[in-house]
Amino acid sequence: MTISVYDAMHTLKAVRRLRPDPVADDVLERVLHAATCAPTGGNRQPWRVVVVRDREKMRALGDLYAERWRHFVTVYKTVMDALPAAQSEFLSRAIVAGNYLADHFHEVPVLVVFCFDPTQMAITDLGQPRVSVVGGASIYTAVQNLLLACRAEGLGCVLTTLLCEREPEVRALLAIPDAWGTAAAIPIGHPVGRGHGPVTRKPISEMAYADSFGQPLALRAER
Ligand SMILES: Cc1cc2nc3c(=O)[nH]c(=O)nc-3n(C[C@H](O)[C@H](O)[C@H](O)COP(=O)(O)O)c2cc1C
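What you see as residue numbers is a count from 1 along each chain, following the sequence as written. Only residues with pLDDT of at least 70 get local features here, since the model is predicted, and only at 80 or more are side-chain atom pairs given and counted; chain-wide, interface and lining totals rely on the full set of residues. The basis for the side-chain values is all heavy atoms of the structure; hydrogens and waters are excluded.

Examining the packing of aromatic side chains
- Only the six-membered ring of Trp is used, alongside the rings of Phe and Tyr, when aromatic pairs are assigned; centres must lie within 6.5 Å, and planes under 30 degrees apart are stacked while those over 60 apart are edge-to-face, with the rest tilted. Using the criterion set out here, one finds 6 aromatic pairs in the structure.
- Ring centres of Tyr 65 and Phe 105 lie 4.8 Å apart, and the angle between their planes is 25°; this geometry places the pair in the stacked category. Here Phe 105 lies in the loop between helix H4 (85–104) and strand E2 (110–116) and Tyr 65 lies in helix H3 (residues 55–80), a separation of 40 residues in the sequence.
- Owing to a relative accessible area of 3%, Tyr 65 belongs among the buried residues under this scheme.
- Where Trp 69 meets Phe 72, the ring centres are 5.3 Å apart and the plane angle is 35°; that geometry is what we call tilted. Within this pair, Trp 69 and its partner Phe 72 are both found in helix H3, separated by 3 residues, close to a single helical turn.
- Exposure remark for Trp 69: the relative accessible area of 6% places this residue in the buried category.
- Among the aromatic residues, ring-to-ring pairing joins Tyr 65, Trp 69, Phe 72, Tyr 76 and Phe 105 into one connected group. Where helices and strands are cited, they refer to DSSP runs of H or I of at least four residues and of E of at least two residues respectively, numbered from the N terminus. Categorising residues by exposure relies on relative accessible area from a 1.4 Å probe, with only protein chains included: less than 20% of the type maximum marks a residue as buried, more than 50% marks it as exposed, and the intermediate range marks it as partly exposed.

Rendered as structure tokens:
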């Protein structure tokens, strides 16, 4: 069954409960090819992926991930107390699912680790007096393509970045060259339950402006 790109985007929820069953190579090839189709600055494609399936490496990565996840949850629980009920309920559910992923990381069939070479990246905001984000645009386009392709294949997946906090250990485990950084790790597998579903996001009226920042954008429905 094929789904439209809009349906894929509307239902690309984070899926953190994955079955240990393997992912077929032809499916893996399609989702990786989707990643390579992404645009990058100057078409340099300054990223590579390490596709981890080795069980010992997965267990070692899982230990690193679980330690960072537990730390994240401890910090986040204090923030959640101050949030509106609906938001803290959403996060509580995400934490339960995240605990599952942390506990079962070693069983994840495939982990796609995105690496990048900063010397090949067009980073046009380096001179700005704020955190630089443009470099990431040559990596996360590919990450999003991969996620959407997984969604289209009925595979569960979630963009994770906690392993970036343990980059030296991840680099050593996966023989990533010192000059390369890590940008994301995507656990992929068949979902335990229903998997993906409708996403909950802010409406366009809160996200898009007309001509000046903060100005409401009026869009007429075309007939
Ligand atoms: C930059 C980024 C980093 C993220 N890091 C993690 C992570 O380390 N672990 C995790 O479980 N989810 C992670 N997520 C997933 C988000 O928590 C999730 O997309 C968000 O809560 C929305 O959830 P939904 O897509 O299910 O609606 C990350 C997402 C993004 C975009």
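There's plenty left to go through after this.
Things to note about the state of the cysteines
- Any two cysteine sulfur atoms lying within 2.5 Å of each other are counted as a disulfide. Within this structure, the stated rule accounts for 0 disulfides.
- For Cys 37, which is in no disulfide, the shortest distance to another cysteine sulfur is to Cys 150 and amounts to 14 Å.
- What makes Cys 37 exposed here is its relative accessible area of 52%.
- Not part of a disulfide, Cys 164 finds its nearest cysteine sulfur in Cys 115, a span of 9.6 Å.
- Looking at Cys 164, the relative accessible area reads 26%, which means it is partly exposed.

Some words on the side chain of Arg 68
- By the element assignment, Arg 68 lies in helix H3.
- The definition of a polar contact used here is a pair of N or O atoms within 3.5 Å, where within protein one atom must be able to donate a hydrogen and the other to accept one, and adjacent residues in sequence count solely through side-chain atom pairs. A distance of 3.0 Å separates the side chain of Arg 68 from the side chain of Glu 67, its partner in a polar contact.

Honestly, that's just the spatial picture; any functional story needs more than this.
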